[in-house]
Amino acid sequence: RVAKLDLMLLGDDVTHKKPHPEVYLSAAERLTVAPEECVVIEDSKVGLEAAVAAGMPCLVTPTQSTMTQDFSEAVAVVPDARELLSLPTLHSLAMDSL
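Values in this document were obtained by computation on a predicted structure and should not be read as measured data.

(A) The environment of Gln64, seen in detail. You can see Gln64 is positioned in the loop between strand E2 (58-60) and strand E3 (76-77). On the accessibility criterion, Gln64 (69% relative accessible area) is exposed. Taking C-alpha positions, Gln64 is 9.8 Å from Asp43, a pair spaced 21 residues apart along the chain.

In structure tokens, the structure reads:
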């Protein structure tokens, strides 16, 4: 699966951890795309806050440990990550929410 990714950044790749937006802004810069053209998929409030701070729409797929967190800033909350595969396109869903 990892081989299909254009870029993978981890917490060790940045100075500031989430909820700071550095990891997402760094990814956009390295991919040479504007932050608003990105779509973030997160599973926690801290990750959602980082995406919002980066100016990126965010879809949330909560886990057992995060499902009670406030995801009101998310474009959508998708309870089962497998559902993401059946969405028309993540980008169009996110852009429709703006």
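(B) Fine view of the side chain of Ser44. Following the sequence through the fold, Ser44 ends up in the loop between strand E1 (40-42) and helix H2 (45-53). Among the polar contacts listed, one links the side chain of Ser44 to the backbone nitrogen of Gly47, at a separation of 3.2 Å. Sequence-distant contacts of Ser44, that is, excluding residues within four places in its chain, are made with Thr66, Gln69 and Phe71.

(C) Region of interest: the pattern of salt bridges. Counted according to the given criterion, the structure contains four salt bridges. A salt bridge links Lys18 to Glu42; the nearest nitrogen and oxygen atoms lie 2.5 Å apart. Here the residue Lys18 occupies a position in the segment before helix H1 (22-31), and Glu42 occupies one in strand E1, the gap between them amounting to 24 residues. Looking at Lys18, the relative accessible area reads 36%, which means it is partly exposed. The salt bridge partner of Glu73 is Lys45, with a shortest N-O separation of 3.7 Å. Of this pair, Glu73 sits in the loop between E2 and E3 while Lys45 is found in helix H2, placing the two residues 28 residues apart along the sequence.

(D) Summary view of the sheet that holds E3. On the basis of which strands lie adjacent, the open sheet formed by three strands has the order E1-E2-E3 and parallel pairing. Every interior strand has two partners, whereas the edge strands, E1 and E3, have only one. Examined bridge by bridge, E1 and E2 share three bridges and lie parallel to one another. Following the sheet pairing, Glu42 is matched in E2 by Val60.

Reading guide: rules and limits
- Starting from 1, residues in each chain are numbered consecutively following that chain's sequence as written.
- In keeping with the predicted nature of the model, local features appear solely for residues at pLDDT of at least 70, side-chain atom pairs appear and are counted solely at 80 or more, and the whole-chain, interface and lining totals rest on all residues.
- Side-chain metrics rest on all non-hydrogen atoms present in the structure, leaving aside hydrogens and water.
- Labels follow the DSSP assignment, with helices taken as runs of H or I lasting at least four residues and strands as runs of E lasting at least two, numbered in each case from the N terminus.
- The cut-offs for exposure are 20% and 50% of the maximum accessible area for each residue type, with area from a 1.4 Å probe on protein chains only; residues under the lower value are buried, those over the upper are exposed, and the others partly exposed.
- For the purposes of these results, a polar contact is taken to be a pair of N or O atoms within 3.5 Å, where, inside protein, one atom must be able to donate a hydrogen and its partner to accept one; residues adjacent in sequence count only when each atom of the pair is a side-chain atom.
- Contact criterion: two residues are considered in contact whenever any of their non-hydrogen atoms come within 4.5 Å of each other.
- By salt bridge we mean one thing: a side-chain nitrogen of Lys or Arg within 4 Å of a carboxyl oxygen of Asp or Glu.
- Strand pairing is defined by DSSP finding a minimum of two bridges between the two strands.

Purely spatial values, then, with no claim about function.
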